Amino acid sequence: MLFRSVDQQQIEPAQARLELDHLVLAHGLDEFDHEPLVINGNGDPATGNVFINNSSGWRQPITLNAPLRAFAAAGETWTVNSPISGVGAFITTGPGTVLFDWNTANSYSGGTWVKDGELRLSRAATNVSVPGDLTIGDGIGASGSARVVLDATSQQIADVSDVVINSDGRLIITNQPYVEIIRTLSGGGELVVSNSTLRFNDSGNNATFSGSIRGNGDLIKAGAGTFTFDGDNFASGLTLSLFGGATVIDGSWNGAPGSLIDAYGGTALRGNGIAQDVNLRSGAVLAPGGAGGGSGRLTVNKLMLQPSANLFMEINGVNPGVNHDQVVARSEVWVTNATLTLAVNFIPTEGQVITLVDNRSASPVRGVFNNRPKGSVISDSGTSFLLNYA
């Protein structure tokens, strides 16, 4: 059955396209999908422009002169096998599924908002399903009630997309043969990356993600901006690789053993949170505390400082994490000719002990800083310290 709002004129069968603001697909009938579809209005307040109460498909181009709000009933799927263009947004509002399939790319410019239900992205590889910004969830529903799923089909979200996962949202990326790239990642929902790689922050913009991360895939933070993570990471074996800018771990990046933060040259790792293993390569900087500086305490499992990596520690007093930086290492500490840099802004009394790396393992620190053997004197701002390894 096909219904349209009362303010629309009758469309004759011989006409070349359907121009409407309310379409109902029922009983699996899709005899109208041989016509191009043009969305001109807001549709029904409850069910939007397209209401799917029985699984249906659409095979002709869709043009969005206004937002398309698709309401798929629970258990039903609307499969779109055609390109979507225009200036409007694509919005899902029902508990069912919308599937972007086939081998054509979308180009609509109004953004994508999955308020409820599931949007599955299955266009042929490199044929972008989501051409602009993507918002998952409206912050009202239950956890995971709004979902976007990429399953075995790569590069479905445009590289320039800002992705926001709200508290009821979930982005699932599984079995991707190529890297999925987005501009920024933010919000407080759930990210699942399994057997796949997600790269974000290429633009240099700042973003904060406060949600949870699961899966066994890999994440790549690139670009000059600052990425702040203050959520919970439950991933198993996930690697976060850092290329450029700053990454602040203020939450619990404390996945299963084997989870790694791997910082490459030109990037800074900061924060007051908890991490599993941390590896600093040549040219990377580890500096506990917030994005804007100040003292902090970062807790890690294993700490590995490679040649020419830089441990930068502010010392403004004797209280660790309050007025001087500290790294707490629960497992091994490896220092391989890395650089130790101090920024001292107070005058200690003789004999005061400042613990920069609190090694809580049963093993002593392995290795030394570059030209800093045990017993070396290191000075800054007229204050000198005797260096000890334990």
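The structure we're discussing is the one just above.
Quick caveat: nothing in here was measured; it's all calculated off a predicted structure.

**Quick word on the overall build of the chain**
Looking only at helices and strands, the chain features zero helices and 44 strands. Taken over the C-alpha atoms alone, the chain extends approximately 90 × 35 × 30 Å along its principal axes. When each of the 390 residues of the chain is scored for burial, the buried share is 54%. A fraction of 41% describes how many contacts in the chain between residues 6 or more apart in sequence connect residues 24 or more apart. Accessible surface for the chain amounts to roughly 15500 Å². Of this, 50% is attributable to carbon and sulfur atoms. For the chain, the separation between the mean place of its 22 positive charges and that of its 34 negative charges on side chains is 9 Å.

**Considering the pattern of salt bridges**
A side chain with one charge can pair with a side chain of the opposite charge if their charged atoms come near. Tallied over the full model, the rule gives ten salt bridges. In this structure, Glu-332 engages Lys-302 in a salt bridge whose closest nitrogen and oxygen atoms are separated by 3.9 Å. Pair noted here: Glu-332 is in the loop between strand 38 (326-329) and strand 39 (333-336) and Lys-302 is in the loop between strand 35 (297-300) and strand 36 (303-305), with a separation of 30 residues, a long-range link. Here Glu-332 falls in the partly exposed class, since its relative accessible area comes to 25%. When salt bridges that share partners are traced, they join Glu-118, Arg-120, Arg-147 and Asp-151 into one network.

**Considerations on the layout of surface pockets**
For the largest pocket, the calculated volume is near 700 Å³. Taken together, 28 residues make up the lining of the largest pocket; nearest its centre are Ile-354, Thr-355, Leu-386, Leu-387 and Asn-388. When contributions to the lining of the largest pocket are tallied by element, the ones reaching two or more residues are strand 37 (310-315), strand 39, strand 40 (339-344), strand 41 (357-359) and strand 44 (383-386). Within the lining of the largest pocket, the residues separate by chemical class into 19 nonpolar, seven polar and two charged.

The rules behind these values
- Residues numbered from 1 in each chain as written.
- Predicted model: local features only at pLDDT ≥ 70, side-chain atom pairs only at ≥ 80, totals over all residues.
- Heavy atoms only, no water.
- Helix = DSSP H or I, 4+ residues; strand = E, 2+ residues; numbered from the N terminus.
- Buried < 20%, exposed > 50% of the residue type's maximum accessible area, 1.4 Å probe, protein only.
- Contact = heavy atoms within 4.5 Å.
- Areas by Shrake-Rupley, 256 points an atom, 1.4 Å probe, with all protein chains shown as cover.
- Lys, Arg positive; Asp, Glu negative; His and termini not counted.
- Charge placed at Lys NZ, Arg CZ, Asp CG, Glu CD.
- Salt bridge = Lys/Arg side-chain N within 4 Å of Asp/Glu carboxyl O.
- 1 Å grid on protein atoms, 1.4 Å probe; cavity = no way out; pocket = protein on both sides within 12 Å on 5 of 7 lines; lining within 4 Å.
- Points joined across faces, edges and corners; volume = space filled by probe spheres on them.
- Nonpolar A, V, L, I, M, F, W, Y, C, P; charged D, E, K, R; others polar.

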